[in-house]
Number of protein chains: 2
Amino acid sequence: MPKRLTATILVTLTTPDPASFATAGTPGLQVDLAGIPGERHYGMTAKADSRYPMYPRGTEIRNRRQLTAVSTEELAQVARDLGVPVVRPEWLGANLVLAGLPDLTRLEAGARLLFPSGAGLICEGENEPCRGPGEVIQAQYPQIPGLAAAFVKAAQHRRGIALSVERAGLIRPNDEVTITLL
Amino acid sequence: MPKRLTATILVTLTTPDPASFATAGTPGLQVDLAGIPGERHYGMTAKADSRYPMYPRGTEIRNRRQLTAVSTEELAQVARDLGVPVVRPEWLGANLVLAGLPDLTRLEAGARLLFPSGAGLICEGENEPCRGPGEVIQAQYPQIPGLAAAFVKAAQHRRGIALSVERAGLIRPNDEVTITLL
């Protein structure tokens, strides 16, 4: 019998501006097998970027980063470490904020997130922090220097996970998520 | 720096008969992002079956079982436990036989298998043994009763892994595979 965890969806977000990775809250996300239609990361395939040093840049690869999720508890820790009042999920380009799973980033690849609608997501592993979101945080707190670099350190193992869709469906705030481990 | 392992491809196999899961050796496999073109498990999506009790049977889901791999060392152990001279990968419907990674079945989901051609596969977790291959083995050794049921037990945690393709390319016998862990 595989181990089960539960968590709650606090917020769902998508990218309103395709030129930016920053997200904004939505009443729900209708996901299909390629991700969130119209979203910046949508697609069954994607181009290899700096996250994939094992492949030539620009090569077509399977898209395992269709969505990203963060934990509200981990974001609070990052904010505390940075000495700022809040780190908003919008600034990190997150699509889902979970509550009740404080160690979300440590969730094993292959873990399955199941939603009341029947939607299913697969954890594709930790989302490595990079400077982009740090620069967005810096822009929010111009009076505090060095936040962009500090973010990469503070967010290590706390920046959440990447996910791909296994089964289509609707994901909404207040959904209770069942998480099954391998 | 993620941990690295290496292994060697002993044999590559595909399904010559779409009505059967049994495989036969080939000089190589040209994989694309949906698997092995023309093979029984080919597709970006698949129908949920009994391996996916969390979804209604027949629902369209992402195909995370495009290929399966077994280890020659684990197959030898299964044969020893069953008291038969050999368990051939063809009888299990395997697409790849690896040598040099005795604990292949324990490989973590998310581990990446990289090939000299540039192809990349993702480990999608353990392949759970079922009676189908056991019945094929039984048919090979009709003088030994009870092999179908015994196989399920003997092959537990030794039946190899399911894989999906991350980057297209050619996979050939004698390829050295680099395996990177998360």
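Residues numbered from 1 in each chain as written. Chains lettered and ligands numbered in written order. Predicted model: local features only at pLDDT ≥ 70, side-chain atom pairs only at ≥ 80, totals over all residues. Heavy atoms only, no water.

Visitor: Now, about the side chain of A:Gln138: what can you tell me, with residues and values included?
Guide: Residue and element names in this part refer to chain A. For Gln138, the position within the fold is in helix H2 (residues 131-140). The exposure class assigned to Gln138 is buried, which follows from its relative accessible area of 19%. Setting aside anything within four residues of it in sequence, one finds Gln138 in contact with Ile144, Pro145, Gly146, Leu147 and Ala148. (Helix = DSSP H or I, 4+ residues; strand = E, 2+ residues; numbered from the N terminus. Buried < 20%, exposed > 50% of the residue type's maximum accessible area, 1.4 Å probe, protein only. Contact = heavy atoms within 4.5 Å.)

Visitor: Could you give an account of the interface of chain A and chain B, with specific residues and numbers?
Guide: The interface is formed by 25 residues belonging to chain A together with 25 residues belonging to chain B. In total, about 2200 Å² of surface goes out of reach between chain A and chain B, with carbon and sulfur atoms giving 59% of it. The salt bridge partner of A:Glu166 is B:Arg64, with a shortest N-O separation of 3.1 Å. Between chain A and chain B we count 12 residue pairs in polar contact (both at pLDDT 80 or more) in total. (Buried area = accessible area lost by both parts, 1.4 Å probe. Salt bridge = Lys/Arg side-chain N within 4 Å of Asp/Glu carboxyl O. Polar contact = N/O pair within 3.5 Å; in protein donor to acceptor, adjacent residues only side chain to side chain.)

Visitor: I'd love a proper account of empty space enclosed by the protein, names of residues and values included.
Guide: If you walk through the whole model with that rule in mind, you get 2 cavities of 30 Å³ or more. Of the volumes computed, that of the largest cavity is approximately 50 Å³. If you go around the largest cavity, the residues you meet are A:Leu33, A:Met44, A:Arg62, A:Asn63, A:Gln66, B:Met44, B:Arg62, B:Asn63 and B:Gln66. Along the lines of polarity and charge, the residues of the lining of the largest cavity split into 3 nonpolar, 4 polar and 2 charged. In this structure, the second largest cavity encloses a volume near 40 Å³. (1 Å grid on protein atoms, 1.4 Å probe; cavity = no way out; pocket = protein on both sides within 12 Å on 5 of 7 lines; lining within 4 Å. Points joined across faces, edges and corners; volume = space filled by probe spheres on them. Nonpolar A, V, L, I, M, F, W, Y, C, P; charged D, E, K, R; others polar.)

Visitor: Quick one: what's the story with helix H1 (residues 72-82) of chain A, residue by residue and with numbers?
Guide: All names here are of chain A. Taken residue by residue, H1 has Glu74, Leu75, Val78, Ala79 and Leu82 as its buried positions. Viewed end-on, H1 has its buried residues packed into an arc of 140°, placing them on one side of the element. In H1, those exposed residues whose orientation departs by more than 90 degrees from the buried face are Arg80 and Asp81. Where H1 is buried, its residues touch strand S6 (67-71), H2 and helix H3 (147-154). (Arc of directions from axis to C-beta.)

Visitor: An account of the relation of the copies chain A and chain B is needed here, citing residue identities and associated values.
Guide: Screw-axis analysis of chain A against chain B gives a translation of 0.0 Å along the axis, an RMSD of 0.0 Å, and a rotation angle of 180°. In the structure described here, the two chain copies are related by an operation that fits a two-fold rotation axis. Nearest to the rotation axis, the C-alpha of A:Ala109 is located 2.9 Å from it, this being the minimum over chain A. Both copies share a contact surface, since 100% of the interface residues of chain A are interface residues in chain B too. (Least-squares fit on C-alpha atoms with pLDDT ≥ 70 in both.)

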